[in-house]
Amino acid sequence: MSSITKGITVFLMAFALSLVSSSVLAEKKEEAKPVGYIDFTSKEVALIFGLGWGKGELRMDGERIPLKGRILSLGVQATIAKSELTGNVYHAKTPEDVAGSYNATGASAAVFKGAGEAILKNEKGTVLKVWSTTKGFDASAAIGGLTLELVD
C-alpha cells in the first residue's frame, strides 16, 4: 500500500471515529424525557453543494403542528434521495422553540436504501434526536444544516 493510500485510509478512519465518538458522547448527555416527536420527509439533490426541501409534523402538548424545512449542505457528496426522519424533541418549552436552524456534520452512504441517526441542536437549545431512512443514492461527507419552520 502506498503512503498516499495509507494516509487517506488513516484520515477516513479518524474522521469516521470522530463522528461516532461525538454522536455517542451527545447521546449519553441526552437522558431527558422527550417533550415532543417529529416526523419529516425530505428530498435532496447534491453534487458538492446540496439542496433539500421537505415537510413534516411536530407532535407536542397534544397538538399536531405542520412543519416545512430546507436542507443546505457542502462537501464531498453526490446525492439524489428521499429521506424520512422520525425522532424525539428535547428541551423545547413551546412549539416555537422547535423552529430554527439545526447544524449537522456527518458522513453517509446509501444506494437505494440506507439508515442513519443524528443529534441536532438549534440556537434556542432545542435538541432533536432523529433516525432516518434514505431511498435513492447518497454518498457524502459534508457539513450542513436543517432549517425548520412552523406552518400556520
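Predicted, not measured: the structure shown is a model, and the values here were computed from it.

Before going further, it helps to spend a moment on the overall build of the protein. What the protein contains, in helices and strands, is one helix and four strands. By the burial criterion, 32% of the 152 residues in the protein qualify as buried. Sequence separation of 24 or more characterises 71% of the internal contacts of the protein that already satisfy a separation of 6 or more. Counting only carbon and sulfur atoms, one obtains 64% of the accessible surface of the protein, whose full area is about 9300 Å².

Here we take up the nonpolar core. One finds V98, L128 and L148 to be the most contacted residues of the largest nonpolar core, which totals 16 residues. Residues in contact with L148, not counting those within four places in the same chain, are I38, F40, K68, G69, V98, A99, G100, Y102 and L128.

Within the chain, I48 stands out as a residue other than glycine whose phi angle is a positive 70°. With a phi angle near 55°, D61 is a residue other than glycine that sits in the positive phi range. The residue D61 is located in the loop between β1 (36-60) and β2 (63-90) in this model.

Moving on to the confidence of the model for the protein. Should pLDDT be low for a region, the predicted coordinates there are not to be read in detail. A residue-level look at the protein finds 74% of positions with pLDDT of 70 or above and a mean pLDDT of 81. Confidence, expressed as mean pLDDT per element, reaches its minimum in the protein at helix α1 (residues 3-29) with 43 and its maximum at β1 with 95. Taken together, the stretch residues 1-28 has pLDDT below 50 and engages in 12 contacts with residues farther than four places along the chain or on a different chain.

This brings us to empty space enclosed by the protein. Within this structure, the stated rule accounts for one cavity of 30 Å³ or more. Within this model, the largest cavity holds a volume of roughly 30 Å³. As for the largest cavity, its lining consists of I38, F40, L85, L128, V130, L146 and L148. Those elements that place two or more of their residues in the lining of the largest cavity are β1 and β4 (127-150). Top element by residues in the lining of the largest cavity is β4. It accounts for four residues.

A word on the pattern of salt bridges. Following the criterion strictly, the structure yields four salt bridges and no others. Here D39 makes a salt bridge to R59, at a shortest N to O gap of 2.4 Å. Accessibility expressed as a relative area gives 28% for D39, which makes it partly exposed. Relative accessible area serves as the criterion here: at 26%, R59 is assigned to the partly exposed category. Linking K68 and E149 is a salt bridge whose minimum nitrogen-to-oxygen distance equals 3.9 Å. Here K68, found in strand β2, pairs with E149, found in strand β4; they are 81 residues apart in sequence, far enough to count as distant. Where salt bridges share partners, they join K68, R70 and E149 into one cluster.

With that out of the way, let us pick up the pairing of β1. Both β1 and β2 contribute to a ladder of 24 bridges, which runs antiparallel. Bridge pairing in β2 places G56 opposite L67. The turn linking β1 back onto β2 is made up of two residues, and D61 within it adopts a positive phi angle of 55°.

Analysis parameters
Residues numbered from 1 in each chain as written. Predicted model: local features only at pLDDT ≥ 70, side-chain atom pairs only at ≥ 80, totals over all residues. Heavy atoms only, no water. Helix = DSSP H or I, 4+ residues; strand = E, 2+ residues; numbered from the N terminus. Buried < 20%, exposed > 50% of the residue type's maximum accessible area, 1.4 Å probe, protein only. Contact = heavy atoms within 4.5 Å. Areas by Shrake-Rupley, 256 points an atom, 1.4 Å probe, with all protein chains shown as cover. Core = buried A, V, L, I, M, F, W, Y, C linked by side-chain atoms within 4.5 Å. pLDDT = per-residue confidence, 0-100. 1 Å grid on protein atoms, 1.4 Å probe; cavity = no way out; pocket = protein on both sides within 12 Å on 5 of 7 lines; lining within 4 Å. Points joined across faces, edges and corners; volume = space filled by probe spheres on them. Salt bridge = Lys/Arg side-chain N within 4 Å of Asp/Glu carboxyl O. Pairing = 2+ DSSP bridges.

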